[in-house]
Amino acid sequence: MAEAIVNPAPKKGSDLLKRKFPKLDWIVPGMVPDGCHLLIAAPKIGKSLLTLDLAIACAEGGKALGVLAVRQRPVLVLDLESGERRLQNRLASLLGDRALSDAFEYHTDPDTALAVLRTFLERHKGRSPLVILDTLSGVMGSRPRDMTQFQHEKATLQPLQKLCADDPGASIIVVHHNRKSKEGDSVDASSGTHGLTAAVDGIIALNRPARREPAATLVCELRDVEGDEYAILLGVDGWALDGRTLEEARRNAMEHHRQEKVTKQGDLGSELMDLLRLHGPMTPAVAFEVYSRDPNATASVQSVRNALSRLHRRELVSKDDAGKYALMGVPPELPELRVDPSPTGNPPDVSAPDVCDVGVNSTQATQGTSTKRRTARRRR
């Protein structure tokens, strides 16, 4: 018997395929499944407010991020940084006139936090309890001399992950600071080594580019299901999904990233994107022709070519086989249709929309553009 424990026999893969495992029990349906997750963010951008809002929603069986219905479950908030006075103020601000559910419990002493956590999970076993540990540093402790930093961090989180694995449906969200460096993805953003990220079931990264702006994104990197990125907004009532559905919030997050790229292009790049939006696909020569109609235009044709090439490398515009650049993901913005009243009283002819642009009438615009395009082709 002792020999069997020392030298265990491998298991058969065919037996594994026959096993039935519990289905995922989502904390936030479609966004965050059950398990042990690491929530990382920069200091003072609202991560504690985000987790507290989620804790209230789960204790009530209300809506997370304003629109996502969650089911009621026992909740424990281990607030190891704020203290009771600040926690009271935050709860009152988020609740308004609502009463707080008895399913919501809290604890603020770092020295006894892990013992309280284990007792809470044991007491609510089988009921899909949720624990918010804010923050990890409150229970990390000093690193033993015979351990590397990687080993110490992994040894801190692995027991928490095992508590969740032993009770399917139980969840722990561990709040942690990110590193100052912006290099890498959300997995690399966590402060410390990869010992932290290796020991959890998922990583949730709260990214808020400007502290004074309400817009942010929530990146979910999950082990058991495919994660995604969602746009969220910080308002007077806390964090809310930027959209009516997860799909809309996902699209808005993509648009936020596109806008961030646009703001880094400089004046010329932004002007060229506006021209592509207004006029549709253009070659560099035609783009320069349209751009130079502005009396304040100062860039050369080569600068326009270089700017379009940079926009293409940054995936803001596409380029076809004919060398024409087009704005990606945004349909051309057609000029407004202007129709003069018919003096005869008959319905006006709207078969040919007015394509007037850049300070010339429609006839001049059509003739001038055609002539200049022919001239540009001869130059090439």
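In every chain, residue numbers begin from 1 and rise along the written sequence. In view of the model being predicted, local features appear only for residues whose pLDDT reaches at least 70, and side-chain atom pairs are presented and counted only at 80 or more, with totals across whole chains, interfaces and linings using the full set of residues. Here the side-chain values reflect all heavy atoms present in the structure, with hydrogen atoms and water set aside.

K.L.:
I tried to follow unusual backbone geometry on my own but got confused; where do I start?
P.N.:
Most of the time, phi is negative for any residue but glycine, and the peptide bond is trans. Thr 135 follows Asp 134 through a cis peptide bond whose omega is 10°. Secondary-structure assignment places Thr 135 in the loop between β6 (130–134) and α6 (137–140). Phi is positive for Leu 65, which is not a glycine, with a value near 55°. Secondary-structure assignment places Leu 65 in the loop between β2 (63–64) and β3 (68–69). For Leu 65, a relative accessible area of 8% puts it in the buried group. Runs of H or I in DSSP of at least four residues are treated as helices and runs of E of at least two as strands, each being numbered from the N terminus. Relative accessibility thresholds used throughout: buried, under 20% of the residue-type maximum; exposed, over 50%; partly exposed, between the two (1.4 Å probe, protein chains only).

K.L.:
Just checking my understanding: could you explain the pairing of strand β11 (residues 238–241) for this structure?
P.N.:
Along any regular strand, the residues point their side chains to alternate faces of the sheet. Any two strands with at least two DSSP-identified bridges between them are counted as paired. As judged from the 4 bridges shared by strand β10 (residues 229–235) and β11, these two strands associate in the antiparallel manner. Note on β11: the bridge partner recorded for Leu 234 is Trp 239. Counting the residues in the hairpin turn of β10 and β11 gives 2 residues.

K.L.:
Just checking my understanding: could you explain the sheet that holds strand β9 (residues 215–222) for this structure?
P.N.:
Within a sheet, each strand pairs with its neighbour through backbone hydrogen bonds, oriented either parallel or antiparallel. The 9 strands are arranged β5-β4-β6-β7-β1-β8-β9-β10-β11 in an open sheet whose pairing can be described as mixed. Strand pairing shows two members of the sheet lacking a second neighbour, β5 (104–107) and β11, which therefore form its edges. Taken over all neighbouring pairs, the strand axes of this sheet differ in orientation by 25° on average, direction set aside. Across 6 bridges, strand β8 (residues 202–207) lies against β9 in antiparallel orientation. Residue pairing across strands places Ala 205 opposite Val 219, the latter belonging to β9. Against the sheet, helix α3 (residues 47–60) contacts β1 (35–41), β4 (75–79), β5, β6, β7 (171–177), β8, β9, β10 and β11, and its axis sits at roughly 165° relative to β7. Fitted lines through C-alpha atoms serve as axes, helices being fitted only where they are in contact, and the angles separating the N-to-C directions of these axes extend from 0 to 180 degrees. Two residues qualify as a contact provided that any one of their heavy atoms is within 4.5 Å of a heavy atom in the partner residue.

K.L.:
Is there a simple way to think about the pattern of salt bridges in this case?
P.N.:
Close approach of charged atoms allows side chains of opposite charge to pair. Just to be clear on terms, a salt bridge is a Lys or Arg side-chain nitrogen sitting within 4 Å of an Asp or Glu carboxyl oxygen. As enumerated under the stated definition, the model contains 11 salt bridges in all. A salt bridge links Asp 25 to Arg 71, with the shortest nitrogen-to-oxygen separation between them at 2.8 Å. Placement of Asp 25 in the loop between α2 (13–18) and β1 and of Arg 71 in the loop between β3 and β4 is noted, with a sequence separation of 46 residues between them. Since its relative accessible area comes to 42%, Arg 71 is described here as partly exposed.

K.L.:
Looking at this model, I keep getting lost on the side chain of Ser 171. Mind explaining?
P.N.:
Residue position: Ser 171 is located in strand β7. From its side chain, Ser 171 meets the backbone nitrogen of Gly 35 in a polar contact 3.2 Å long. Those residues within four positions of Ser 171 in sequence are excluded, and the remaining contacts are Ile 27, Asp 34, Gly 35, Pro 129, Leu 130, Val 131 and Cys 164. Under this definition, polar contacts are N or O atom pairs within 3.5 Å; protein pairs additionally need one hydrogen-donor-capable and one acceptor-capable atom, and for neighbouring residues in sequence, both atoms have to be side-chain atoms.

K.L.:
Before we go on, may I ask you to explain the environment of His 37 in this structure?
P.N.:
Considering the arrangement of structural elements, one finds His 37 in strand β1. For the pair formed by His 37 and Glu 221, sequence separation is 184 residues and the distance between their alpha carbons is 9.5 Å. Leave out the neighbours within four places in its chain, and His 37 touches Ile 27, Val 32, Ile 172, Ile 173, Val 174, Asp 201, Gly 202, Ile 204 and Leu 222. From its side chain, His 37 meets the backbone oxygen of Pro 33 in a polar contact 2.8 Å long.

K.L.:
Honestly, helix α10 (residues 266–279) in this entry has me stumped. Any pointers?
P.N.:
Side chains three or four residues apart in an α-helix point the same way, a direct result of the helix having 3.6 residues per turn. In this model α10 runs 20 Å from its N-terminal to its C-terminal C-alpha over 14 residues, within 8% of the 20 Å that 1.5 Å per residue would give. Looking only at α10, the buried set comprises Leu 268, Gly 269, Leu 272, Met 273, Leu 275, Leu 276 and Arg 277. Phi for Gly 280, located one or two positions after α10, is positive at around 85°. In this scheme, a helix's expected span is set at 1.5 Å multiplied by one less than its residue total.

K.L.:
So what exactly am I meant to see when it comes to the pairing of β9 here?
P.N.:
When you tally the buried positions in β9, you get 6 out of 8 residues, the bulk of the element. Of the pairings in the sheet, the one linking β9 to β10 comprises 5 bridges and is antiparallel in character. The partner of Leu 218 across the bridge, within β10, is Tyr 230. The hairpin turn running from β9 into β10, its antiparallel successor, is 6 residues long.

K.L.:
Honestly, the environment of Asp 201 in this entry has me stumped. Any pointers?
P.N.:
Tracing the backbone shows Asp 201 in the loop between α8 (194–198) and β8. Note: C-alpha distance between Asp 201 and Ile 172 (29 residues apart in sequence) is 10.0 Å. Within the structure, Asp 201 has its side chain in polar contact with the side chain of Gln 161 (distance 2.9 Å).

K.L.:
Just to check I follow, could you spell out the confidence of the model for the protein for this structure?
P.N.:
Reading predicted coordinates in detail is not appropriate for stretches of low pLDDT. Every residue is assigned a pLDDT by the predictor, reflecting its confidence on a scale from 0 to 100. Mean pLDDT over the protein works out to 81, with 79% of the residues at or above the 70 mark. Scored below 50 in pLDDT, residues 330–380 shows 39 contacts in the model against residues more than four places distant or in partner chains.

K.L.:
Can you walk me through helix α5 (residues 113–123) in this structure?
P.N.:
Along α5, the residues classified as buried are Ala 113, Leu 117, Phe 120 and Leu 121. Buried residues of α5, viewed axially, fall in a sector of 95°; they line one side. Regarding the arc, it is the one traced by the directions from the helix axis to the C-beta atoms.

K.L.:
Help me out: how do you make sense of the packing of α10 against helix α12 (residues 301–313) in this one?
P.N.:
Two packed helices can be described by the angle between their axes and the distance between those axes. Between α10 and α12, whose axes approach to 10 Å, the crossing angle comes to 80°. Considering their axes alone, α10 and α12 lie roughly perpendicular with respect to each other. Contacts from Leu 268, Gly 269, Leu 272, Met 273 and Leu 276 in α10 reach Ser 303, Val 304, Ala 307, Leu 308 and Leu 311 in α12. Residues are grouped as follows: Ala, Val, Leu, Ile, Met, Phe, Trp, Tyr, Cys and Pro are nonpolar; Asp, Glu, Lys and Arg are charged; every other residue, Gly included, is polar. Residue composition of the contact of α10 with α12, grouped by class: 8 nonpolar, 2 polar and no charged. For classification purposes, an angle smaller than 35 degrees is called roughly parallel, one larger than 145 roughly antiparallel, one from 65 to 115 roughly perpendicular, and anything else oblique.

K.L.:
Looking at this structure, how should I read the nonpolar core?
P.N.:
Within soluble globular proteins, side chains that are nonpolar tend to cluster in buried spots. Core analysis: the biggest nonpolar cluster contains 43 residues, and Val 28, Met 31, Phe 104, Leu 206 and Leu 241 have the highest contact counts within it. Top element by residues in this core is α3. It accounts for 8 residues. What Val 28 contacts, discounting residues up to four positions off in sequence, is Leu 54, Ala 64, Leu 68 and Val 70. Definition used in this section: a nonpolar core is a set of buried Ala, Val, Leu, Ile, Met, Phe, Trp, Tyr and Cys residues joined via side-chain atoms within 4.5 Å. If you look at the next biggest cluster of nonpolar residues, it comprises 27 residues, including Ile 40, Val 174, Ala 199 and Val 200.

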